[in-house]
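Take a look at the letters that make up each chain.
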Amino acid sequence: MRVFTTLEELSAASGEELGTSDWLTIEQDRVDRFAEATGDHQWIHVDVERAASGPFGGTIAHGYLTLSLVPYLGSQVFALDTPGAKLNYGVNKVRFPNPVRVGSRVRARVTLGEIVDVPAGQQMTLRYTIEIDGETKPACVAETVVLLLA
């Protein structure tokens, strides 16, 4: 895992691929709990029997469940032990090119984007590619924004 302790060190790494997380198996229980938390009970996610004859041959994870794994998977790749608070500021772009079938394994590949000065401190972008084991197309591609307060 890459640990950044100074903002200078972080800025110097701009553009670098930081690495990949461990694989995480997406199980039906996780999908069901996400459906319960969000109220999204679409059959393609939660009805195992019906989804078996659906377009993917079984249930799939919600796209937003896949996106919600970014903090957990990212924490296996890098840590910010820099001074000041860190705030999730937003997401510039998110795409879900490939569904995650329940039972699949996913991991995050993380690249540090640019670091720019803003009035409150610095703004950092990170590029996450959520890969699916055995698939050529990723499950999710997202550019997140973190505000590093001075």
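(A) Here's a closer look at the nonpolar core. Counting 34 residues, the largest nonpolar core has Phe78, Met124 and Leu126 as the members making the most contacts within it. For this core, the secondary-structure elements that each account for two or more residues are helix H2 (28-38), helix H5 (63-68), helix H6 (70-74), strand S4 (78-80), strand S6 (105-118), strand S7 (121-132) and strand S8 (140-149). Met124 has contacts with Leu10, Leu80, Leu112, Glu114, Ile115, Thr144, Val145, Val146 and Leu148, leaving out every residue within four places of it along the chain.

(B) View of the layout of surface pockets. In this structure, the largest pocket spans a volume of roughly 350 Å³. Elements with a contribution of two residues or more to the lining of the largest pocket: H6, S4, strand S5 (86-95), S7 and S8.

(C) Fine view of the pairing of S6. Here three bridges tie strand S2 (residues 17-20) to S6, and the two strands are oriented antiparallel to one another. What sits directly across from Thr20, in S6, is Arg109. Taken together, the eleven bridges between S6 and S7 define a ladder with antiparallel strand orientation. Within S7, the residue paired with Val118 across the bridge is Gly121. If you look at the hairpin formed by S6 and S7, you'll find two residues sitting between the two strands.

(D) Quick look at the pattern of salt bridges. Following the criterion strictly, the structure yields seven salt bridges and no others. For Asp133, the salt bridge is made with Arg105, and the minimal N-O distance between the two is 2.8 Å. Of this pair, Asp133 sits in the loop between S7 and S8 while Arg105 sits in strand S6, and the two are 28 residues apart along the sequence. Residue Asp133 is classed as partly exposed on the basis of its relative accessible area of 38%. With relative accessibility at 34%, the residue Arg105 sits in the partly exposed group. Glu131 is the salt-bridge partner of Arg107, the closest N and O atoms lying 2.7 Å from each other. Residue Arg107 is located in strand S6, and its partner Glu131 is located in strand S7; the two are separated by 24 residues in the primary sequence.

Reading the values: rules and limits
Residues numbered from 1 in each chain as written. Predicted model: local features only at pLDDT ≥ 70, side-chain atom pairs only at ≥ 80, totals over all residues. Heavy atoms only, no water. Core = buried A, V, L, I, M, F, W, Y, C linked by side-chain atoms within 4.5 Å. Buried < 20%, exposed > 50% of the residue type's maximum accessible area, 1.4 Å probe, protein only. Helix = DSSP H or I, 4+ residues; strand = E, 2+ residues; numbered from the N terminus. Contact = heavy atoms within 4.5 Å. 1 Å grid on protein atoms, 1.4 Å probe; cavity = no way out; pocket = protein on both sides within 12 Å on 5 of 7 lines; lining within 4 Å. Points joined across faces, edges and corners; volume = space filled by probe spheres on them. Pairing = 2+ DSSP bridges. Salt bridge = Lys/Arg side-chain N within 4 Å of Asp/Glu carboxyl O.

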